[in-house]
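Fold and geometry: a report
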Amino acid sequence: MSFRGAFTALVTPFKNGAVDEEAYRAFIEWQIEQGIDGVVPCGTTGEAATLSHAEQGQVIKICVDQVKGRVPVIAGAGSNNTREAMELVALAKQAGADAALIITPYYNKPTPDGLVAHFKALAAETSMPFILYNVPGRTGQNVLPKTIARIAKEVPEVIGCKEATGDIKQGTELIEAMGRDFTVLSGDDFTVLPLLSVGGHGTISVTSNVMPAKMSGMITAFGKRDTARAQALNLEMMPVNRAMFLETNPIPVKTALSLMGKMGLEFRLPLVPLESCHLEQLKKVLAESGLI
């Protein structure tokens, strides 16, 4: 199975404090209808940090059931506690996910030896394809290409990386170090096209929650060597890319989806609604982009 192309880091809709299954299923179906290449439940954008383990298993199961094998499902399953991550990876596999997205342990900032041991322990407990998630802005630690190469060598389950440093130089060095068989996905919507240009394979995107056809279309156009089309779509998405980070993700993207009528507007603390000044900016961008 290919884990390349445009993958949406799915927002998780809530209703009266619980997961809104009806809205979630309809949202996933819309994503597939719009041509998205794959979906990622229970990532940062899906507010996984506020889900119980039972809810996380529920959300992944709903997603897998709705997708019905039409596109790959990469389930968020990471933690800074290796034991907890083991449980989450097992939940992802039991729910039928095709791969697991594993964030590098945050806060405790393990050494390279600790990172290798972490991934080895996960693979020993539950063997399935892993996408390593390197996001220094969330974890406080940048995992360098040489360390990722070591992890992938010692843990064959690690078949790709969500590269969210925003550093094209580092992304290029990662592709250089890992070769073409290792999947490198942008984890930053501003770097998708630049990363494709140096050999990247796609994205796990926030913006594709609201613009799935354009994100998928850009990657498809680039693959067909239609660079003019890819560049045009990239520039069309840039205002929305910026708007998605007016405040902490996923506050703006969930607000946008609410304005688009895709789901209700409900967060779990410590996330709170968008500030009024940013709400007006978001509405303006969405209107100018033809989304509302």
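Going by the structure above, here's the rest.
Residues numbered from 1 in each chain as written. Predicted model: local features only at pLDDT ≥ 70, side-chain atom pairs only at ≥ 80, totals over all residues. Heavy atoms only, no water.

Looking at the packing of aromatic side chains
Applying the stated criterion across every chain, the model contains two aromatic pairs. Their ring planes at 45° and their centres at 6.4 Å tell us that Phe 190 and Phe 245 sit as a pair that is tilted. Highlighted residues: Phe 190 in the loop between β9 (183–186) and α8 (192–197) and Phe 245 in the loop between α10 (227–243) and α11 (251–259), separated in sequence by 55 residues. Assessed through its relative accessible area of 32%, Phe 190 is described here as partly exposed. (Phe/Tyr/Trp six-rings, centres within 6.5 Å; stacked < 30°, edge-to-face > 60°. Helix = DSSP H or I, 4+ residues; strand = E, 2+ residues; numbered from the N terminus. Buried < 20%, exposed > 50% of the residue type's maximum accessible area, 1.4 Å probe, protein only.)

Some points on the packing of α11 against helix α12 (residues 276–288)
Relative orientation of the contacting elements α11 and α12 amounts to 60°, with a least axis distance of 11 Å. It follows that α11 is oblique to α12 by the angle criterion. For the pair α11 and α12, the sense of crossing is right-handed. For the pair α11 and α12, contact is made by Pro 252, Thr 255, Ala 256 and Leu 259 and by Leu 279, Leu 282, Lys 283 and Leu 286, respectively. The residue makeup of the contact of α11 with α12, split by class, is six nonpolar, one polar and one charged. (Axes fitted to C-alpha atoms, helices over the stretch in contact; angles between N-to-C directions. Parallel < 35°, antiparallel > 145°, perpendicular 65-115°, else oblique. Left-handed = near helix turned anticlockwise from the far one by under 90°. Contact = heavy atoms within 4.5 Å. Nonpolar A, V, L, I, M, F, W, Y, C, P; charged D, E, K, R; others polar.)

Some details on helix α7 (residues 168–178)
Listing the buried residues of α7 in full gives Gln 170, Gly 171, Leu 174, Ile 175 and Met 178. Viewed end-on, α7 has its buried residues packed into an arc of 140°, placing them on one side of the element. Along α7, exposed side chains directed more than 90 degrees from the buried face belong to Lys 169 and Glu 176. Tucked into the core, α7 has its buried residues touching β7 (130–134), α6 (145–154), β8 (158–163), β9 and α8. Between the side-chain oxygen of the N-cap and the backbone nitrogen of Lys 169 there are 2.9 Å, and the N-cap of α7 in question is Asp 167. (Arc of directions from axis to C-beta. Polar contact = N/O pair within 3.5 Å; in protein donor to acceptor, adjacent residues only side chain to side chain.)

Topic: the layout of surface pockets
Estimated volume of the largest pocket: approximately 580 Å³. In terms of lining, the largest pocket is formed by 27 residues, of which the most central are Gly 43, Thr 44, Ala 48, Ala 49 and Tyr 106. Of the residues in the lining of the largest pocket, the class split is 13 nonpolar, eleven polar and three charged. The volume enclosed by the second largest pocket comes to roughly 310 Å³. What lines the second largest pocket is a set of 18 residues, among which Tyr 133, Val 135, Ala 164, Gly 187 and Phe 245 lie closest to the centre. Here the lining of the second largest pocket gets three residues from one element, more than from any other, and that element is helix α5 (residues 136–139). Its residues assigned to classes, the lining of the second largest pocket comprises eight nonpolar, six polar and four charged. (1 Å grid on protein atoms, 1.4 Å probe; cavity = no way out; pocket = protein on both sides within 12 Å on 5 of 7 lines; lining within 4 Å. Points joined across faces, edges and corners; volume = space filled by probe spheres on them.)

Points about the environment of Thr 104
Checked against the element boundaries, Thr 104 lands in the loop between β6 (99–103) and α4 (112–125). Note on Thr 104: relative accessible area 0%, which makes it buried. The spatial distance from the C-alpha of Thr 104 to the C-alpha of Thr 139 is 7.1 Å, given a sequence separation of 35 residues. Excluding residues that lie within four positions of it along the chain, Thr 104 makes contacts with Leu 115, Leu 132, Tyr 133, Thr 139 and Val 143.

Bear in mind that shape data such as this cannot, by itself, settle questions of function.
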